[in-house]
Amino acid sequence: MRLMAGGEHEVPTSLDWLSPRETEHLESIRFTKRRDEYLTRRWTAKQAIAASLDLDTDPATLSRVEVRHHASGAPYVAVDGAGAAVDISLSDRAGWAVCLVGPAGSTASGTLGIDLEIVEPRSDTFVADYFTATERRYVAALTSVGERHEAANLIWSAKEAALKVQRVGLRADTRTV
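What you see is a predicted model, and the numbers here were worked out from it, not measured in a lab.

Q: In this structure, what is going on with unusual backbone geometry? I would like to understand it.
A: Note: most residues except glycine have negative phi, and most peptide bonds are trans. Its identity as a non-glycine residue notwithstanding, Asp54 has a phi of 55 degrees, on the positive side. Here Asp54 falls in the exposed class, since its relative accessible area comes to 71%.

Below is the structure:
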């Protein structure tokens, strides 16, 4: 397994490391924030994938590596157009991205899940809407506001990662995990 983190400040200004398909998709993204997130995820993923597959990280080689998506939205890796024997999970938040790479089928379910969050205030309504009764009681029992926010963000992040393992993402009810 390989875990890699990268910041948007690390993304090269030249886009020659993107595949033609990725470049086309990038051009369809209207908002700067979304473009930056896309590039940060792709750059971080390609660095992690290259390291995992012992590939060079020069732009020509990285342009042969693509992060594609199954119909479910779950990412997969293609190199030179063919599926690669790795599973990946991606997440980004606040100008940073993380990518987890492992051999295909390296977990019991065959997939990986990762999520990246910052500790931020989570309202009682958020907790009530997305957490199980047990999780709600746990968060409510914490004595400090800071502890409640930390716990709520940790639980939320774990849920997102678990739903990625299931390859359903946030299309599923978060109270099911």
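Q: Which parts of the structure should I look at to understand the layout of surface pockets?
A: A probe as big as a water molecule, rolled over the atoms, marks out the empty space that is left. Here the largest pocket is characterised by a volume of approximately 600 Å³. Lining the largest pocket are 31 residues; nearest its centre among them are Gly73, Pro75, Leu90, Lys164 and Gly169. Of all the secondary structure elements, the ones that give two or more residues to the lining of the largest pocket are helix H2 (32-52), strand E5 (86-93) and helix H6 (145-165). When residues of the lining of the largest pocket are assigned to their parent elements, the largest contribution, seven residues, is made by E5. The class makeup of the residues in the lining of the largest pocket is 10 nonpolar, eight polar and 13 charged. Taken as a whole, the second largest pocket encloses approximately 170 Å³ of empty space. Surrounding the second largest pocket, Glu8, Lys33, Asp36, Glu37, Thr40, Asp92, Arg93, Ala94, Gly95 and Trp96 form its lining. Listed by contribution, the elements that provide at least two residues to the lining of the second largest pocket are H2 and E5. Of all the elements, H2 adds the most residues to the lining of the second largest pocket, at four residues.

Q: Which parts of the structure should I look at to understand the pairing of E5?
A: With respect to burial, E5 is a largely interior element, six of its eight residues being buried. The pairing of E5 with strand E6 (residues 96-103) spans eight bridges and is classified as antiparallel. The residue bridging Arg93 from the neighbouring strand is Trp96, located in E6. What sits between the antiparallel neighbours E5 and E6 is a turn of two residues, in which Ala94 has the positive phi angle 55 degrees.

Conventions we followed
- Residues numbered from 1 in each chain as written.
- Predicted model: local features only at pLDDT ≥ 70, side-chain atom pairs only at ≥ 80, totals over all residues.
- Heavy atoms only, no water.
- Buried < 20%, exposed > 50% of the residue type's maximum accessible area, 1.4 Å probe, protein only.
- 1 Å grid on protein atoms, 1.4 Å probe; cavity = no way out; pocket = protein on both sides within 12 Å on 5 of 7 lines; lining within 4 Å.
- Points joined across faces, edges and corners; volume = space filled by probe spheres on them.
- Helix = DSSP H or I, 4+ residues; strand = E, 2+ residues; numbered from the N terminus.
- Nonpolar A, V, L, I, M, F, W, Y, C, P; charged D, E, K, R; others polar.
- Pairing = 2+ DSSP bridges.

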